[in-house]
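Residues per chain are reported as follows:
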Amino acid sequence: MAFSVPKREDQHNEDSFRRSATGVYAVSDGASVSFDSASWARILVRRYTRNPEFTREWLSAAIAEFRKLYDRDNLPWMQQASYDRGSFASLLGVRIADGGRAIQVLSIGDSLAVLCDGDRIKATFPLSTPAEFTGSPQLICTNPMQNAFLDKMDLAYDLVADWTFRGLEQPALLCMTDALGHWLLSQRDRGSSPISVLRKVRTPGAFARFVQEERTAGRMKRDDTTLIALW
């Protein structure tokens, strides 16, 4: 299942998600304060599901694709400044392999992958506590200078978690953007079972109602909210 709700009904949703027939899933959360982050998020998830090998060359090709969308010199000067600062987005990519038993998770930013066994959370990546959502995440940017943090990383190791469904009686994998991720970890820390709540959400309408109820109750921040659930 895959659902997404914008921060407000009359506003554009800057989250993007995509699934491939080969067992690749991707979610991206575009940063609303940056230039056309919705298009950047769409490019990231589309490219990842087609080629789930995140490298510096992969990122350079994605940036080149984004730049083809705009003629910078013909933009108004205020938009030029925003364009030059860059568009920012998270990227959460998941590959299912070994007959559905092996899972590789790539994460840059604060979108969250959650491994479950029934209603129990077995692992989360890249964040594990609600407090970690309060800082400014490192996001992928269309301005290469803003991606300097990646130069200090081993992209095949530092950004990746390897999980397995082996040994789990009721395996499930959830991928979500930060508003839902923060809600899930906050509810877990209160001793409740957020997974049992999400299991009841089976239609886009039900997901929209659930998100609205949690926003109204102050348990979920008002932001674009996306969930991919492999039950």
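The structure under discussion appears in the preceding block.
What counts and how
- Residues numbered from 1 in each chain as written.
- Predicted model: local features only at pLDDT ≥ 70, side-chain atom pairs only at ≥ 80, totals over all residues.
- Heavy atoms only, no water.
- Helix = DSSP H or I, 4+ residues; strand = E, 2+ residues; numbered from the N terminus.
- Buried < 20%, exposed > 50% of the residue type's maximum accessible area, 1.4 Å probe, protein only.
- Contact = heavy atoms within 4.5 Å.
- Phe/Tyr/Trp six-rings, centres within 6.5 Å; stacked < 30°, edge-to-face > 60°.
- Pairing = 2+ DSSP bridges.
- Axes fitted to C-alpha atoms, helices over the stretch in contact; angles between N-to-C directions.

A. Structural view of the environment of V24. Mapped onto the elements, V24 comes out in strand 3 (residues 24–29). Judged by relative accessible area, V24 falls into the buried class, the value being 4%. Sequence separation of V24 and A131 is 107 residues, and the distance between their C-alpha atoms is 29 Å. Beyond its immediate chain neighbours, meaning those up to four positions away, V24 contacts R18, R19, Y48, T49, P52, V94 and R95.

B. Representation of the packing of aromatic side chains. Tallied over the full model, the rule gives eleven aromatic pairs. Seen in terms of ring centroids, W40 and F66 are 5.9 Å apart; in terms of plane orientation they differ by 75 degrees. Their pairing is edge-to-face. Highlighted residues: W40 in helix 1 (residues 37–50) and F66 in helix 2 (residues 56–67), separated in sequence by 26 residues. Note on W40: relative accessible area 0%, which makes it buried. The exposure class of F66 is buried, given its relative accessible area of 1%. Taken together, a centroid distance of 6.5 Å and an interplanar angle of 20 degrees make the contact between F66 and Y83 stacked. One end of the pair, F66, is in helix 2; the other, Y83, is in helix 3 (residues 77–85), and 17 residues separate them in sequence. A relative accessible area of 13% means that Y83 is categorised as buried.

C. Expanded view of unusual backbone geometry. For the bond running from F125 to P126, omega is 10 degrees, close enough to zero to count as cis. Within the secondary structure, P126 sits in the loop between strand 8 (120–125) and strand 9 (140–141). Backbone geometry places D36, a non-glycine residue, at a positive phi of 40 degrees. According to the relative accessible area criterion, D36 is partly exposed, its value standing at 23%.

D. Focus on the sheet that holds strand 10 (residues 160–164). Here we have five strands laid out as an open sheet, ordered 2-3-5-6-10, and antiparallel in their pairing. Lying at the two open borders of the sheet, with one neighbouring strand each, are strand 2 (15–19) and strand 10. Across this sheet, the average inter-strand angle for adjacent strands is 10 degrees, counted without regard to direction. As defined by bridge partners, strand 2 adjoins strand 3 across five bridges and the pair is classed as antiparallel. Across the sheet, the residue bridging to D15 is D29, located in strand 3.

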